[in-house]
Each structure stands twice: as structure tokens, then as C-alpha cells.
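A closer look at the structure
For reference, the chains in residue letters:
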Amino acid sequence: MPAYRSSKGRLLTTFQPIVRADRQIVVVAMVLCNTDTSNRTFQIQHVPADGETSDDHALFHDTQIRAKVTQILDTPIFMEAGDSIHALASVADKVAMNIYTQDYDSFQRASR
């Protein structure tokens, strides 16, 4: 069951698309790492294909990540073609983010 990684590298202070689904996929893990010596916050949104970033699509809103800590978010998020995950941080270039996805059909077969 192959997984694919999408990386934005370090988050900015404005929403940036991290991954955009070109078919049905499942986000199997998101990894955030605060490389700074101070606590920071981040926001993540699951934006539908016909939508724009807004608080209505928030998965995490102003969520704190402590200094020098890595957080792994491993709740599956099902995405339809055209959906996207957008993210930002309270300070640019201090929080790195990687997203691991899997094809929907592969995910379904593996969970049986």
C-alpha cells in the first residue's frame, strides 16, 4: 500500500496549499515540526473543490505547537478530487509540514 508525501517545507503566515487531490485520496498522516525555540501556532483547513479558505473549513485553528516539538496527526481525512489541504503558521519559516496520502482504493483494501 504505497503512501505519497507532499511537503510544503516551512509554513508561511498566509494559507498555502499543501496538497491538492487529483482523485479520491486519504490523508493518512500530517507531520508538523516546530524548529523554533519559541512556541508557535498553526492552522490547517480542508478546503472543498469549489471552496476557498475560511474558518468554515478549519481542522485546526490557532493550535499551539511547542518549541522544538514534532506533532503527528494520524486521523484519516478523506478527500474528493479537487479538495485541498491549506496551512499557515503564526510565524513564517518556523513550522515545517509534511502530509502523507494514499490512494482511496488502496486505503479501502488495506482496512478490510
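Refer to the structure printed above.
A short tour of the structure in this document, coming up. (Residues numbered from 1 in each chain as written. Predicted model: local features only at pLDDT ≥ 70, side-chain atom pairs only at ≥ 80, totals over all residues. Heavy atoms only, no water.)

**Side note on the overall build of the protein**
As a reminder, the rule being used: Each helix is a run of H or I in the DSSP string that is no shorter than four residues. Each strand is a run of E no shorter than two, and both are numbered from the N terminus. Using C-alpha atoms as the atom set, the radius of gyration is obtained and then compared with a globule rule of 2.2 Å times the number of residues to the power 0.38. Burial classes: relative accessible area under 20% of the type maximum marks a residue as buried, over 50% as exposed, and values in between as partly exposed (1.4 Å probe, protein chains only). Any two residues whose heavy atoms approach within 4.5 Å are treated as being in contact.
From N to C terminus, the protein includes one helix and nine strands. Starting at the N terminus, the α and β elements of the protein follow one another as β-β-β-β-β-β-β-β-β-α. Compactness check: the protein gives a C-alpha radius of gyration of 14 Å against a globular reference of 13 Å for 112 residues, within 12% of the reference. When each of the 112 residues of the protein is scored for burial, the buried share is 39%. Residue pairs in contact within the protein that sit at least 24 positions apart in sequence constitute 81% of those at least 6 positions apart.

**Structural notes on the nonpolar core**
We apply this condition: In these notes, a set of buried Ala, Val, Leu, Ile, Met, Phe, Trp, Tyr and Cys residues joined through side-chain atoms within 4.5 Å is what counts as a nonpolar core.
Formed by 20 residues in total, the largest nonpolar core has its most connected members in M30, L32, I44 and M97. Going through the elements one at a time, β2 (16-20), β3 (25-34), β4 (40-47), β7 (77-79), β8 (84-89) and β9 (95-103) are the ones with two or more residues in this core. Here the element with the most residues in this core is β3; it accounts for four residues.

**Observations regarding the packing of aromatic side chains**
Threshold: Only rings of Phe, Tyr and Trp enter the pairing, Trp through its six-membered ring, and a pair is recorded when the two centres are within 6.5 Å. The plane angle decides the type: under 30 degrees is stacked, over 60 is edge-to-face, the rest tilted.
Under the definition given, this model contains three aromatic pairs. Summarising the aromatic geometry, the rings of F42 and F60 are spaced 5.9 Å apart at their centres and angled 50 degrees between planes, so their arrangement reads as tilted. In this pair, F42 sits in strand β4 while F60 sits in strand β5 (residues 58-65), placing the two residues 18 residues apart along the sequence. Here the aromatic rings of F78 and Y104 are separated by 6.0 Å at their centres, their planes lie at 70 degrees, and the arrangement is edge-to-face. Separated by 26 residues along the polypeptide, F78 in strand β7 and Y104 in helix α1 (residues 104-110) bring together distant segments of the chain.

**Some thoughts on the environment of N98**
Looking at the element boundaries, N98 is found in strand β9. For N98, a relative accessible area of 18% corresponds to the buried category. Put simply, N98 and D50 are 48 residues apart on the chain and 24 Å apart in space, counted from C-alpha to C-alpha. Beyond its immediate stretch of four places on either side in the chain, N98 contacts R5, S6, S7, A29, M30 and V31.

**Observations concerning the sheet that holds β8**
This is how it is decided: In this analysis, strands are considered paired if DSSP registers two or more bridges between them. To get an axis, fit a line to the C-alpha atoms, keeping to the stretch in contact for a helix; angles then go from 0 to 180 degrees between the N-to-C directions.
The four strands lie next to each other as β2-β8-β4-β5, forming an open sheet whose pairing is antiparallel. Of all the strands in the sheet, just β2 and β5 have a single pairing partner and so form its edges. When the angles between neighbouring strand axes are averaged without regard to direction, this sheet yields 20 degrees. Taken together, the six bridges between β4 and β8 define a ladder with antiparallel strand orientation. Looking at β8, one finds that Q45 is bridged to H86.

**Thoughts on the side chain of R40**
To keep things clear, this is the line we draw: Identification of polar contacts relies on pairs of N or O atoms within 3.5 Å, with a donor-acceptor requirement for protein atoms, meaning one able to donate a hydrogen and the other able to accept it, and with residues adjacent in sequence counted only if both atoms are side-chain atoms.
Relative to the assigned elements, R40 resides in strand β4. Reaching out from R40, the side chain makes a polar contact with the side chain of D36 at a distance of 2.5 Å. Setting aside chain neighbours within four positions, we find R40 in contact with N34, T63, Q64, I65, S90, V91, K94 and V95.

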